[in-house]
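A structural walkthrough
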Amino acid sequence: MPHSLSPGRLPQGGGLRWKLWILTLLAALCIGLLAGATLYQSVGGFVRAKLNARAISQFAASFEAANHISAERGPANDLMSADPARREPARRRLQQYRARTDRSLRRLATTQLPAGLLARVERDLELARQRVDIVALLDPAARRFDQVQAAIDAMFAAWDSYSRLIQWQAAQLVRQDEALSAAVLKSMSLGNLREYAGRIGSYIVAPMAAGMEVPVANRIQLQIARGRLLELWQLLSPGIEVLPAADPVRQQHELARRHYLRHGLALVDQLLNEYPYPMDALAFTDHYVATMQPLETLRNLLLGQTLAQAEQHRQQAWRTLWLLGLITLLALLLLAALVLALQYYVFGPLLRAADAVFALADGDAEPPRARRQDAGEIRRLFAAMGIVSDRLRERARLTRELEQLAITDSLTGLLNRRAIDRLGRKALAGTRRQDTPCLILIDVDHFKAINDTHGHPAGDQVLRELAGLMRAQLRPSDHLGRFGGEEFAVLIEGAGLAQATRLARRLKRAIRHHRLDLDNGARLTITASLGVAGGPGLDWEQMIALADQALYRAKAAGRDRVRSQRAPDTPD
Ligand SMILES: Nc1nc2c(ncn2[C@@H]2O[C@H](COP(=O)(O)OP(=O)(O)OP(=O)(O)O)[C@@H](O)[C@H]2O)c(=O)[nH]1
């Protein structure tokens, strides 16, 4: 009994597909983790760069306000040293400068600064301005040097108080990103440098305005400021002098050296040593402030560069973020494509191949063929299965042929004795009492004489013609076979003994009336004797024995007749 190889009978589980999905999930998880960690860092970098850019721009705005506070001292000095005729234009100029400072401070108030620091600056500035205004109202003849100097000192104090605000911002910036410390330091140094330059001028302007020689206290303060300025200059210069000659910072540095260090400080020295002064306070202020300009520009340039760098970092961080996101997305898409491709090109075909093997094992006619889009290896697999399928089909055909040969009589093409025996036993085993099968044995009369007279081939021809003749008399369901030699058998199912006997008589008549034209030209008439057996309770051997007895009686009664034999103990 062949085994069916339906998929249900095969080992279950394993699940390549599941393993693939689990591996895919793991790979996706790894990509996700890797991308997540990198993206996290990248987002951090971007946020930091963005915050830095904003903080530096605020820092630059703070310096602008510091600059404005410093710059206010120039017109304040003018006003305090102006005679009544020039007082009004000087006052208007100072108002403009003050308005500019106030605007800068208001802008700063919108940023996150410690409220106390800013309020302190505003208070100190207000105090200084009041002092300046008081001195400015005095008649020039009544104006005392110490009053002017006190007003200027108050302006210095306002700047000092503002510088604490800048220090606070600088600390915040460096805390936020240590990499900014160099830029912060440079900007602060340049801011201070500009302030010291301004102060140096102020220490001279007040005595000039008062029409007196520069007092010792001012000379000391001036030299201290000058020392600090030069120290800062020396600290800053090496970093700038390594820049290419065409760099704007380097060029501005050079300008500052020429204009301020050479001319501005030389003018100060001249005024310190020459009394009466060769110029009035206004002319000095105009001249001196002009030499300070490159210092201011240099600081603005550096701040601008730092700001541009921060913006560049922000943009770079944004691009990196995008790129990483894109790469992650691509990696995930690639993974999905890989899984789908594996599914489509490997697992799908493998499962089809497995189905094809089941089909082959179950003897199904056509195994599925490879598809056009299948890979070479899969196509080879299906081609190999095609060959196996062809061979299996060939083998099945040969087996069927062998099976047929095993139950066929080679001379007549009828069933052979073995087949009749098997059918007879099977029929008897599966029948109910009332419809037991019947057996007719047919033996050609005096067949030996035919052989002897016409030769063995003629005998064979007779046997073949008889086979055909009888087959024509029977129903398809009746089993006709050659029982041995010149003896035939008919196994009839679903008919009683009487009906079988009638059939035997019909066969006998048909044989007798048949004219046999032998190949040698002779024409023959033959007869046969038939024995019929049937009835319940018989096994196959008993059935044959009964039919044989009946046949024997037919022969004994003179041949060409039918005799039947009922099973013993069976009513007629
Ligand atoms: N040509 C041919 N002869 C066969 C074949 N098988 C058996 N025979 C012959 O059939 C003959 C049977 O002869 P017997 O058993 O004496 O019977 P019979 O001559 O028919 O005489 P009764 O049966 O008594 O009428 C023998 O001569 C066998 O050689 C066969 O396949 N071909």
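These figures come from a predicted structure and were not determined experimentally. (Residues numbered from 1 in each chain as written. Predicted model: local features only at pLDDT ≥ 70, side-chain atom pairs only at ≥ 80, totals over all residues. Heavy atoms only, no water.)

1. Digging into the overall build of the protein
- Along the protein, the regular secondary structure elements total 14 helices and seven strands.
- Out of the 572 residues belonging to the protein, those deemed buried represent 42%.
- Within the protein, contacts between residues at least 6 apart in sequence are counted, and of these 74% link residues at least 24 apart.
- Carbon and sulfur atoms provide 58% of the accessible area of the protein, an area that totals close to 30,800 Å². (Helix = DSSP H or I, 4+ residues; strand = E, 2+ residues; numbered from the N terminus. Buried < 20%, exposed > 50% of the residue type's maximum accessible area, 1.4 Å probe, protein only. Contact = heavy atoms within 4.5 Å. Areas by Shrake-Rupley, 256 points an atom, 1.4 Å probe, with all protein chains shown as cover.)

2. Examining a positive patch on the surface
- Taken together, the side chains of Arg502, Arg505, Arg506 and Arg509 make up a positively charged region of the molecular surface.
- Secondary-structure assignment places Arg502 in helix α13 (residues 497-513). (Patch = residues over 30% accessible without salt bridge, like charges linked within 9 Å, V, L, I, M, F, W, Y side chains within 5 Å. Salt bridge = Lys/Arg side-chain N within 4 Å of Asp/Glu carboxyl O. Lys, Arg positive; Asp, Glu negative; His and termini not counted. Charge placed at Lys NZ, Arg CZ, Asp CG, Glu CD.)

3. Digging into the packing of aromatic side chains
- The full count for this structure, using the stated rule, is eight aromatic pairs.
- Between Phe156 and Tyr203, the aromatic rings sit 5.4 Å apart at their centres with planes inclined by 65°, giving edge-to-face as the arrangement. Pair noted here: Phe156 is in helix α4 (residues 145-176) and Tyr203 is in helix α5 (residues 181-210), with a separation of 47 residues, a long-range link.
- For Phe156, a relative accessible area of 4% corresponds to the buried category.
- Here the aromatic rings of Tyr275 and Tyr277 are separated by 5.1 Å at their centres, their planes lie at 90°, and the arrangement is edge-to-face. (Phe/Tyr/Trp six-rings, centres within 6.5 Å; stacked < 30°, edge-to-face > 60°.)

4. A closer look at the sheet that holds strand β2 (residues 479-484)
- Here we have five strands laid out as an open sheet, ordered β2-β3-β1-β6-β7, and mixed in their pairing. The sheet terminates laterally at β2 and β7 (562-566), the two strands that pair on one side only. Pairwise comparison of adjacent strand axes, ignoring direction, gives a mean angle of 20° for this sheet.
- Where strand β1 (residues 438-444) and strand β3 (residues 487-492) come together, six bridges link them in antiparallel fashion. Across the sheet, residue Ile442 finds its bridge partner in β3, namely Phe488.
- Contacting β1, β3, β6 (528-534) and β7, α13 runs over the sheet at an angle of about 170° to β6.
- Each of β1, β2, β3, β6 and β7 is contacted by helix α14 (residues 540-556), which is oriented at about 145° to β6, the strand it contacts most. (Pairing = 2+ DSSP bridges. Axes fitted to C-alpha atoms, helices over the stretch in contact; angles between N-to-C directions.)

5. A closer look at the packing of helix α12 (residues 456-473) against α13
- Two numbers describe how α12 lies on α13: the axes approach to 10 Å, and their chain directions differ by 140°. Regarding the angle of α12 to α13, the classification is oblique. At the point where α12 passes α13, the crossing takes the right-handed sense. Where α12 abuts α13, its residues Leu466, Leu469, Met470 and Gln473 lie against Leu503, Arg506, Leu507, Ala510 and Ile511.
- Partitioned by chemical class, the residues of the contact of α12 with α13 number seven nonpolar, one polar and one charged. (Parallel < 35°, antiparallel > 145°, perpendicular 65-115°, else oblique. Left-handed = near helix turned anticlockwise from the far one by under 90°. Nonpolar A, V, L, I, M, F, W, Y, C, P; charged D, E, K, R; others polar.)

6. Regarding helix α10 (residues 417-429)
- Taking 1.5 Å of rise per residue, 13 residues should cover 18 Å, and α10 covers 18 Å from first to last C-alpha, within 8% of that figure.
- Residues of α10 that are buried include every one of Ala419, Ile420, Asp421, Gly424, Ala427 and Leu428, and no others.
- In the core, the buried residues of α10 are packed alongside α9 (376-407), β2, β3 and α14. (Expected span 1.5 Å × (residues − 1).)

7. Digging into the UniProt feature "transmembrane region" (unreviewed entry) in the protein
- In the numbering adopted here, UniProt assigns the feature "transmembrane region" (unreviewed entry) to residues 20-40 and 321-346.
- Taken end to end, residues 20-40 is 100% helix and 0% strand, and its two terminal C-alpha atoms sit 29 Å from one another. (UniProt positions renumbered as here; feature names shortened; annotations may be inferred.)

8. Comments concerning the site of the ligand
- In the vicinity of the ligand lie 16 residues, with Phe447, Asn451, Asp460, Arg482 and Arg559 positioned nearest.
- Phe447 is positioned with one of its backbone polar atoms (N or O) 2.7 Å from an oxygen atom of the ligand.
- Contacts to the ligand include Lys555, whose side-chain N or O atom sits 3.0 Å from an oxygen atom.
- Protein chains bury 67% of the 660 Å² of accessible surface belonging to the ligand in isolation.
- Of all the secondary structure elements, the ones that give two or more residues to the shell around the ligand are β1, α11 (447-454) and α12.
- If you tally residues by element for the shell around the ligand, the top one is α12, at four residues.
- Its residues placed into classes, the shell around the ligand shows three nonpolar, five polar and eight charged. (Near = heavy atom within 4 Å. Polar contact = N/O pair within 3.5 Å; in protein donor to acceptor, adjacent residues only side chain to side chain.)

9. A few points about the nonpolar core
- Residues Phe59, Tyr162, Ile200, Ile204, Tyr260 and Phe284 are the most contacted members of the largest nonpolar core, which totals 78 residues.
- Listing elements by their share of this core, those giving two or more residues are α1 (16-81), α2 (84-109), α3 (115-137), α4, α5, α6 (216-241), α7 (248-273) and α8 (281-361).
- If you tally residues by element for this core, the top one is α4, at 14 residues.
- Beyond its immediate sequence surroundings of up to four residues, Phe284 is in contact with Gly201, Ile204, Val205, Met208, Leu267, Val268, Leu271 and Met279.
- Ranked by size, the runner-up nonpolar core spans 35 residues in total, among them Leu411, Ala467, Met470 and Leu524. (Core = buried A, V, L, I, M, F, W, Y, C linked by side-chain atoms within 4.5 Å.)

10. Quick word on the environment of Arg199
- Structurally, Arg199 is set in helix α5.
- Assessed through its relative accessible area of 11%, Arg199 is described here as buried.
- When neighbours within four sequence positions are excluded, Arg199 is seen to be in contact with Arg73, Phe156, Trp159 and Asp160.
- Engagement of the side chain of Arg199 in a polar contact is seen with the backbone oxygen of Phe156, the distance being 3.2 Å.

11. What about the side chain of Gln169?
- Positionally, Gln169 belongs in helix α4.
- In this structure Gln169 comes out as buried when scored by relative accessible area, which is 6%.
- A distance of 2.4 Å separates a polar atom in the side chain of Gln169 from a polar atom in the side chain of Ser62.
- Excluding anything up to four places from it in sequence, Gln169 contacts Gln58, Phe59, Ser62 and Leu113.

12. Concerning α3
- Helix length check: α3 (23 residues) gives 33 Å between terminal C-alpha atoms against 33 Å at 1.5 Å per residue, within 8%.
- Taken together, the buried positions of α3 are Leu118, Val121, Asp124, Leu125, Ala128, Arg129, Val132, Val135 and Ala136.
- On the buried face of α3, the contacting elements are α1, α2 and α4.

13. Quick word on the pattern of salt bridges
- Scanning the entire structure with this criterion turns up 32 salt bridges.
- Taking the shortest distance from any N to any O, the salt bridge between Asp78 and Arg93 comes out at 2.7 Å. With a gap of 15 residues between them, Asp78 in helix α1 and Arg93 in helix α2 connect regions that are remote in the sequence.
- Taking relative accessible area as the criterion, Arg93 reaches 33% and is therefore assigned partly exposed.
- In this structure, the salt-bridge partner of Arg98 is Asp133, at a minimum N-O distance of 3.1 Å. Of this pair, Arg98 sits in helix α2 while Asp133 sits in helix α3, and the two are 35 residues apart along the sequence.
- Residue Arg98 is classed as buried on the basis of its relative accessible area, which comes to 6%.
- What makes Asp133 partly exposed here is its relative accessible area of 25%.
- Connected through shared salt-bridge partners, Glu72, Arg98, Asp102, Arg129 and Asp133 make up one network.

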